[in-house]
Amino acid sequence: MTSPSPRALSSTALVRARLAGMTGLAAACAALTSLYAVAVCTVRGQAWDHRIWWHLHELSPVGARRVAEALGVITPLSCAAALGAIVLLAVAQRRLVPAVVGVVCAAGTFVSAEVLKYTLERPDLGISHYGNSFPSGHTGAVAALAVAAVVALGGGLRAVGAALAAGATLLTGLGVVLAGWHRPSDPVASVLVAVAWAVVGLLVVHEHRARAHR
C-alpha cells in the first residue's frame, strides 16, 4: 500500500482549511445576526442590554469623563499609525501579500461596523429612547488592528501583535460601555465583525500560499 503523495496531502490540508474557514465565517455571521435579533429586536433583549449598560456605567469606579478622555486616544491618526507599524513589520517578514490583505480586511472591519451602525434599525419597544448604536465604531476601529495583525504578521510577531490588539479591543469595548456611549451588545458585535473579516483574510492568504507552492 502506497502512502499519499505530498500534493494529495497539501490538497487535503487546503480543503480542511477551507472548510474550517467557511465554518468559522458562518459561525461569526450567525452569532452577529442572533445578537442583533435578540439584544436589539426583542423586549427582553433590550431590557437586559440596557440594564447591564446602566449598572456598569453607574457603578464604575472610574468616572465616565476619565474613561472618555482615555478613549480620546483612538483617532484616525493613531489607528493609521498602528496599522502602518503592522504593515512595516509584515514587510520586514517578507509577507507582502498578507500585508495587503491585512490592510483590506482591517478597512473592511471598520467600514462594516460603521455601515451596520447607520443601516440597522433599533425598534422602539419602550425600553430606551436612545437610537441605534449597534455595533460600536470605536471598538471596531481597534478590532480592525487585531485583524490586521492576525492576517498580515507571521510567527511570534502574529501572536504578540494579535494579543496586544485583542487586549486593546477588550479595554475599548469595556470603556465605551463605562463611558455610557454604548450598550454591552455593541462592542460584542464589533468583535464578531472583526472575527468574520479575520477569517476571510486568513482564507485569502492560505489560498495564495497554496497556489504559490503548486
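Provided above is the structure to which this section pertains.
A brief look at the structure comes next. (Residues numbered from 1 in each chain as written. Predicted model: local features only at pLDDT ≥ 70, side-chain atom pairs only at ≥ 80, totals over all residues. Heavy atoms only, no water.)

**A few points about the overall build of the protein**
So, step 1. In terms of regular secondary structure, the protein is built from eight helices and zero strands.
So, step 2. Mapped from its N terminus to its C terminus, the protein presents α and β elements in the order α-α-α-α-α-α-α-α.
So, step 3. The dimensions of the protein, computed from C-alpha atoms along their principal axes, are 70 × 35 × 30 Å.
So, step 4. Here the protein holds 214 residues, and 39% of them are scored as buried.
So, step 5. Of the contacts made within the protein by residues no fewer than 6 positions apart, 80% connect residues no fewer than 24 positions apart.
So, step 6. Total accessible area on the protein is roughly 12,000 Å²; 70% of this is exposed by carbon and sulfur atoms.
So, step 7. Looking at charge distribution, the protein has the averaged site of its 16 positive side-chain charges lying 18 Å from that of its 8 negative ones. (Helix = DSSP H or I, 4+ residues; strand = E, 2+ residues; numbered from the N terminus. Buried < 20%, exposed > 50% of the residue type's maximum accessible area, 1.4 Å probe, protein only. Contact = heavy atoms within 4.5 Å. Areas by Shrake-Rupley, 256 points an atom, 1.4 Å probe, with all protein chains shown as cover. Lys, Arg positive; Asp, Glu negative; His and termini not counted. Charge placed at Lys NZ, Arg CZ, Asp CG, Glu CD.)

**Digging into the packing of helix 3 (residues 64-71) against helix 7 (residues 155-178)**
So, step 1. Close contact between helix 3 and helix 7 brings their axes to 9 Å; oriented N to C, the two are set at 140 degrees. As summarised for this structure, helix 3 and helix 7 are arranged oblique, according to the angle between their axes. Note on packing geometry: the crossing formed by helix 3 with helix 7 is left-handed. Taking contact as the criterion, the partners of Ala 64, Val 67 and Leu 71 in helix 3 are, on helix 7, Thr 172, Gly 175, Val 176 and Leu 178. (Axes fitted to C-alpha atoms, helices over the stretch in contact; angles between N-to-C directions. Parallel < 35°, antiparallel > 145°, perpendicular 65-115°, else oblique. Left-handed = near helix turned anticlockwise from the far one by under 90°.)

**Topic: helix 6 (residues 137-152)**
So, step 1. Given a rise of 1.5 Å per residue, 16 residues ought to cover 22 Å, and the 22 Å separating the end C-alpha atoms of helix 6 matches this to within 8%.
So, step 2. Counting buried residues along helix 6, 14 of its 16 residues qualify, which places the element largely inside the surrounding structure. (Expected span 1.5 Å × (residues − 1).)

**Let's talk about the pattern of salt bridges**
So, step 1. Tallying each qualifying case throughout the model produces two salt bridges.
So, step 2. Two residues, Arg 18 and Glu 207, come together in a salt bridge whose shortest N-O distance is 2.4 Å. Separated by 189 residues along the polypeptide, Arg 18 in helix 1 (residues 6-40) and Glu 207 in helix 8 (residues 185-212) bring together distant segments of the chain.
So, step 3. Judged by relative accessible area, which is 18%, Glu 207 ranks as buried. (Salt bridge = Lys/Arg side-chain N within 4 Å of Asp/Glu carboxyl O.)

**Structural notes on unusual backbone geometry**
So, step 1. In this chain, Phe 134 is followed by Pro 135 through a cis amide linkage whose omega measures 0 degrees.
So, step 2. Tracing the backbone through its elements, the reader meets Pro 135 in the loop between helix 5 (96-119) and helix 6.
So, step 3. With a phi close to 60 degrees, Arg 94 is a non-glycine residue in the positive phi region.
So, step 4. Tracing the backbone through its elements, the reader meets Arg 94 in the loop between helix 4 (76-92) and helix 5.
So, step 5. Of the residues examined, Arg 94 reaches a relative accessible area of 78% and is grouped as exposed.

**Describing the environment of Ser 133**
So, step 1. Summarising the element assignment, Ser 133 is placed in the loop between helix 5 and helix 6.
So, step 2. Given the relative accessible area of 9%, Ser 133 is considered buried.
So, step 3. With near-sequence residues (within four places) excluded, Ser 133 lies in contact with Lys 117, His 182, Arg 183 and Asp 186.
So, step 4. Looking at Ser 133, its side chain comes within polar contact range of the side chain of Asp 186, at 2.5 Å. (Polar contact = N/O pair within 3.5 Å; in protein donor to acceptor, adjacent residues only side chain to side chain.)

**Thoughts on the packing of aromatic side chains**
So, step 1. Under the counting rule described, the total for this entry stands at two aromatic pairs.
So, step 2. Residues Tyr 36 and Phe 134 carry aromatic rings whose centres are separated by 5.6 Å and whose planes lie at 50 degrees to one another, so their mutual orientation is tilted. With Tyr 36 in helix 1 and Phe 134 in the loop between helix 5 and helix 6, this residue pair connects regions lying 98 residues apart in the sequence. In this structure, Tyr 36 and Phe 134 share a single accessibility class: buried.
So, step 3. On the basis of an interplanar angle of 75 degrees and a centroid distance of 5.5 Å, the ring pair of Trp 53 and Tyr 130 is categorised as edge-to-face. Here the residue Trp 53 occupies a position in helix 2 (residues 43-59), and Tyr 130 occupies one in the loop between helix 5 and helix 6, the gap between them amounting to 77 residues.
So, step 4. Judged by its relative accessible area of 42%, Tyr 130 falls in the partly exposed class.
So, step 5. Over the face of the ring belonging to Trp 48 we find Arg 51, whose NZ or CZ atom lies 4.9 Å from the ring centre. (Phe/Tyr/Trp six-rings, centres within 6.5 Å; stacked < 30°, edge-to-face > 60°. Lys NZ or Arg CZ within 6 Å of the ring centre and 35° of its normal.)

**Considerations on the side chain of Thr 139**
So, step 1. Within the secondary structure layout, Thr 139 lies in helix 6.
So, step 2. Looking at Thr 139, the relative accessible area reads 1%, which means it is buried.
So, step 3. Excluding its chain neighbours within four sequence positions, the residues that come into contact with Thr 139 are Thr 169, Thr 172, Gly 173, Val 176, Pro 187, Ser 190 and Val 191.

The values are spatial; any link to function lies outside them.
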